Amino acid sequence: MSVAPPLLAVEGLTKSYGGIHAVRGVSFSLRAGEILALIGPNGAGKSTCFDMLNGQNKPDSGHVRLLGEETTGKKPREIWRMGVGRTFQITATFATMTVRENVQVALISHGKQLFNLFGSAPNFDRSEAGRLLELVGMGGYADRPCGELAYGDLKRLELAVALANEPKLLLMDEPTAGMAPRERVDLMRLTAQIAREKSIGVLFTEHDMDVVFEHADRIIVLNRGTLIAEGSPAEVRSNPQVQAVYLGEGLLYEAGHREGAST
Amino acid sequence: MAFYVVQFLTGLASAASLFLVASGLSIIFGVTRIVNFAHGAFYMIGAYIAFTLTERLSGAFGFWGSIVLAALAVALIGVLVEMVLLRRIYHAPELFQLLATFGLTLMVEDLVVLVWGPDDLVGRRAPGFKGAIDFFGQNIPSYDLFLIVLGPVVLGILWLLFQRTRWGVLVRAATQDRDMVAALGVNQKWLFTSVFAVGVFLAALGGALQIPRDAVHHAMDLRIIVEVFVVVVIGGLGSIVGAFVAAVLVSELNAFGILIFPKISIILVFLVMAVVLIVRPWGLFGKPEAAARKTPGLTVNPWRPLTSNERLASLAALVIAATLPLFAGNYALTVGSEIAIFVIFAVSLHFLMSVGGLASFGHAAYFGLGAYGIAFLAKMAGLPMIVCLLLGPLLGCMGAAVFGFFAVQLSGVYFAMLTLAFAQIVWSIAFQWVSVTGGDNGILGVWPEKWAASPSHFYWLALGVAALVTIVLRVMVFSPFGYALRATRDSLLRTEAIGINAKRIQWTAFVIAGTTAGIGGALFAYLKGSVFPDNLGISLSVDALVMVLLGGVETVSGAVIGAIVYKALNIWLVSQTDLSKLVLGGFIVLIVVVFPKGIVGMLEMLAQRRRKSSPPGSPLLAKPIESAE
């Protein structure tokens, strides 16, 4: 009897730049409806890893499978069509369009109307655009130019755009970077709620440990390109290796150095 | 065999000047991020001043001294231009920088005629290099050998300058990250000025060194700038070694192309450029460009369709325009038809440039192709006018499909340079392939049929087509496709992440714009009764850019207003002065510096201020172009 493939299965993902191994043999999987946090110190390879999942970067070796289907070597736009939404660390939105139009463009793409030359875009799926904006709490901003939004609002808009193709998987690269503490908690609560309701798998990277430990079902930890820990928040929190990475090995080294000096 | 060797050496000698100019352009771009369109103009002034000086100063020292002195003098002019004009526009969108330096080029073209007259000037031979060397029965001018040596020597000097001096280190650092260099306390102003001076010096030296080989004339700027653009696109903008290799490559292709396709030698260069672009879009020695500065434009004003009142007003304006034949004479009607045709041309460029963010500097190519399409169909195939009008623009469509495919692989200034080069190639074909296109004599006798022959009937035809085209393109701006196109303009990263194939969208837009321009060209052929290579020349491309800019590049309806105002002004100006290029160039510079929003943009801003009445809303909406300091 075959077991249904997991939503996302990553196997032996590897990427190096010149002599530097940015990501080495990373494997993990993600179930539908699960919220998985990818953490690690700066330079651990999180962003490289992320870009490979989304198709922006090609792995040297390894596989990424979405519901059993290989996505390595596919372009970001093809992976999006397979049901993967993405938000960026630094927001990427259409600055000269209104908030509603930003969502409408994603809906137009999802509805395969990109080469419709004579339809009316301002009226394109207005209700769905409105619904998505309401969902992220941006309903009142629909007619505002995107270029004059506050950063936190742009992040919420990105979430609405990412949800436009009814994704099975959401990839969020530092979803709360650059936001006020209060906003961070709200945005992640919202994301978690949507993900559970619609059974969307969420993979996110994050530096804010409060956000990570409050919302992640499971955490994987990267350090220098390799996976060093995986487990529930409690397990990861008590993992000595993770503590060493986060508190810094330099401190341990210095302590040892002093001991050596005193003898 | 000896013949081919000589041909090869001639190619190498031509490469020297090309390399000097191209390296100057590359250095300036590397640091200031400005593609200096006026580089060809500096090359030309260098040649003219060197001509005058060599006539005055005698002897070997006089000649060589004059060459260097001329280059220094032009460098000084360059410094002035940089301080007075460029410093004001370093932070403007790149389109504005290209246009301002192009305006400068236009002004220089008229100024040199004013000072040196319109005739070709033949300069002196270089002392010590007057003779020729016999090579197996073929003559090689000894001056050519001098130039062949000079190219690598200049490359070496530049290399030393950049690797071994403090200034060179700063320039290389600024090329990588100029903001960081500024943050480290380097006086950016003087760094930029000195770099510009060096670049202009190289261009002028290239021009001055040409006088023993070629006559000096007032159109040499455009010829060299197109070749230089081709060189930097092939070699990679910002790379001096790339400029050298590509200059040699292009010169050799020209030298041997004449042997293979004597009529249309430029085809060979085009083919090589196309291959390079497919394999390495950033050039042989260039690096992939980091994401450009985020300057979607001057405002963040979202677009909206016309309200029903505005629609009624537009309709009323159209009806009034349609009554013109009731009271105007034939001359006014011909002018009216021409304006209507230029409205078509302007809105087609607007679609590509404002909606798609792709500023084409060679849009006239598709206008002209439409015109030639008509000439071929009507004169050679003898088809009826209606059929011609429907099929003629297809030539523009095909041209846009071929060139657009390559052009959309690039963006920003590369896109501008490439479209210009393509347009110039089409122009050369029309000019050189005399047996098909009639060359400079054009194709005459393309007259409309009886039903459209009278000025009033033709005016109604042109007006009707212009209104139709404007409406159709406007519908497209607010169609799902138009939204997707604007999305690709605003953020390529995001469009890709929501499943949009940006290149295909942009290519489609290019074809739509090219076809529409072809419709304008088709009507233009019937209006004038003839077709000439000028119908696809650079000055026409620039007319289109200025029309869009004058109306307001960030508005939806600016192109229409811009075309009407500009064309009317232009026709009036040409009847008033011989120095129309000088006035036009000055006008362009003026718009860019003090009036960057254009007519419709200004009106919109005023309307918005009045609506808000309280102090202007968002600072973003009212932000003028910042000056460099």
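Residues numbered from 1 in each chain as written. Chains lettered and ligands numbered in written order. Predicted model: local features only at pLDDT ≥ 70, side-chain atom pairs only at ≥ 80, totals over all residues. Heavy atoms only, no water.

*Asks:* Tell me what's going on with the interface of chain B and chain A, and back it up with residues and numbers.
*Replies:* At the junction of the two partners, chain B supplies 36 residues and chain A supplies 38 residues. At the boundary of chain B with chain A, total buried surface from both sides reaches about 3200 Å², with 68% on carbon and sulfur atoms. Per-residue buried area on chain B facing chain A is highest for B:Pro480, B:Tyr483 and B:Arg494; these three make up 23% of the total on that side. One can count 3 salt bridges joining chain B with chain A. B:Arg494 is the salt-bridge partner of A:Glu158, the closest N and O atoms lying 2.5 Å from each other. Linking chain B to chain A there are 15 residue pairs in polar contact (both at pLDDT 80 or more). Every element with two or more residues in the side of chain B that touches chain A is listed here: α21 (455–477), α22 (480–490), α23 (492–497) and α24 (502–528) of chain B. Looking at which element gives the most residues to the side of chain B that touches chain A, the answer is α22(B), with 8 residues. For the side of chain B that touches chain A, the class distribution of residues is 21 nonpolar, 9 polar and 6 charged. (Contact = heavy atoms within 4.5 Å. Buried area = accessible area lost by both parts, 1.4 Å probe. Salt bridge = Lys/Arg side-chain N within 4 Å of Asp/Glu carboxyl O. Polar contact = N/O pair within 3.5 Å; in protein donor to acceptor, adjacent residues only side chain to side chain. Helix = DSSP H or I, 4+ residues; strand = E, 2+ residues; numbered from the N terminus. Nonpolar A, V, L, I, M, F, W, Y, C, P; charged D, E, K, R; others polar.)

*Asks:* Residues and numbers for the domain arrangement of chain A, please.
*Replies:* Residues and elements named next belong to chain A. The domain boundaries assigned to chain A delineate domain 1 (8–83 + 167–262) and domain 2 (98–166). Each of domain 1 and domain 2 has a C-alpha centre, and the two are 28 Å apart. Of the residues lining the interface, 19 residues belong to domain 1; the matching set on domain 2 comes to 17 residues. Taking both sides of the interface into account, the surface hidden between domain 1 and domain 2 amounts to around 1400 Å²; carbon and sulfur atoms contribute 64%. When the buried surface of domain 1 facing domain 2 is broken down by residue, Trp80, Arg81 and Pro167 rank first, second and third, together holding 37% of it. Across the domain 1-domain 2 interface, the total number found is 0 salt bridges. (Domains from an automatic or database assignment.)

*Asks:* Quick one: what's the story with the sheet that holds strand β6 (residues 84–87) of chain A, residue by residue and with numbers?
*Replies:* All names here are of chain A. Pairing is mixed across the open sheet formed by 6 strands, whose spatial order is β6-β7-β8-β3-β9-β10. Edge positions in the sheet fall to β6 and β10 (226–231), since each of these pairs with one other strand and no more. If you compare each strand with its neighbour and ignore which way they point, the axes differ by 15 degrees on average. Direction of pairing for strand β3 (residues 35–39) relative to strand β8 (residues 201–205): parallel, over a ladder of 4 bridges. Looking at β8, one finds that Leu36 is bridged to Leu203. Lying on the sheet, helix α1 (residues 46–54) is in contact with β3, β6, β7 (169–173), β8 and β9 (218–223); it crosses β7 at an angle near 150 degrees. Contacting β3, β9 and β10, helix α9 (residues 240–247) runs over the sheet at an angle of about 125 degrees to β10. (Pairing = 2+ DSSP bridges. Axes fitted to C-alpha atoms, helices over the stretch in contact; angles between N-to-C directions.)

*Asks:* Give a detailed account of the nonpolar core, specifying residues and quantitative values.
*Replies:* Counting residues in hydrophobic clusters, the biggest one holds 262 residues, and the most contacted among them are A:Phe204, B:Met273, B:Phe351 and B:Phe361. A per-element tally of this core places helix α14 (residues 330–355) of chain B first, with 15 residues. Within the second largest apolar cluster, 26 residues are counted, among which are A:Cys49, A:Val64, A:Val84 and A:Leu203. (Core = buried A, V, L, I, M, F, W, Y, C linked by side-chain atoms within 4.5 Å. Buried < 20%, exposed > 50% of the residue type's maximum accessible area, 1.4 Å probe, protein only.)

*Asks:* Please provide a residue-by-residue account of the pairing of β7(A), values included.
*Replies:* All names here are of chain A. The buried fraction of β7 amounts to 5 of the 5 residues, a majority that puts the element mostly inside the structure. The two faces of β7 match: Leu169, Leu171 and Asp173 on one face and Leu170 and Met172 on the other face are all buried. Sheet topology note: the β6/β7 ladder contains 4 bridges and is parallel. By the bridge assignment, Thr87 is partnered in β7 with Met172. Alignment of β7 against β8, held across 5 bridges, turns out to be parallel. Considered in β8, the bridge of Met172 is made with Phe204.

*Asks:* Explain the packing of helix α6 (residues 166–176) of chain B against helix α8 (residues 188–210) of chain B to me, and be specific about the residues and the numbers.
*Replies:* All names here are of chain B. Contact geometry for α6 and α8: axes closest at 11 Å, N-to-C directions at 100 degrees. Between α6 and α8, the crossing angle belongs to the class labelled roughly perpendicular. Counted together, Trp167, Leu170, Val171 and Ala174 of α6 and Leu191, Ser194, Val195 and Val198 of α8 form the full contact between these two elements. (Parallel < 35°, antiparallel > 145°, perpendicular 65-115°, else oblique.)

*Asks:* Can you break down the state of the cysteines residue by residue, with the values?
*Replies:* In a disulfide, the sulfur atoms of two cysteines are covalently bonded to one another. Under the criterion given, the structure shown has 0 disulfides over all chains. With no disulfide of its own, B:Cys388 has B:Cys397 as its nearest cysteine by sulfur position, at a separation of 17 Å. (Disulfide = S-S within 2.5 Å.)

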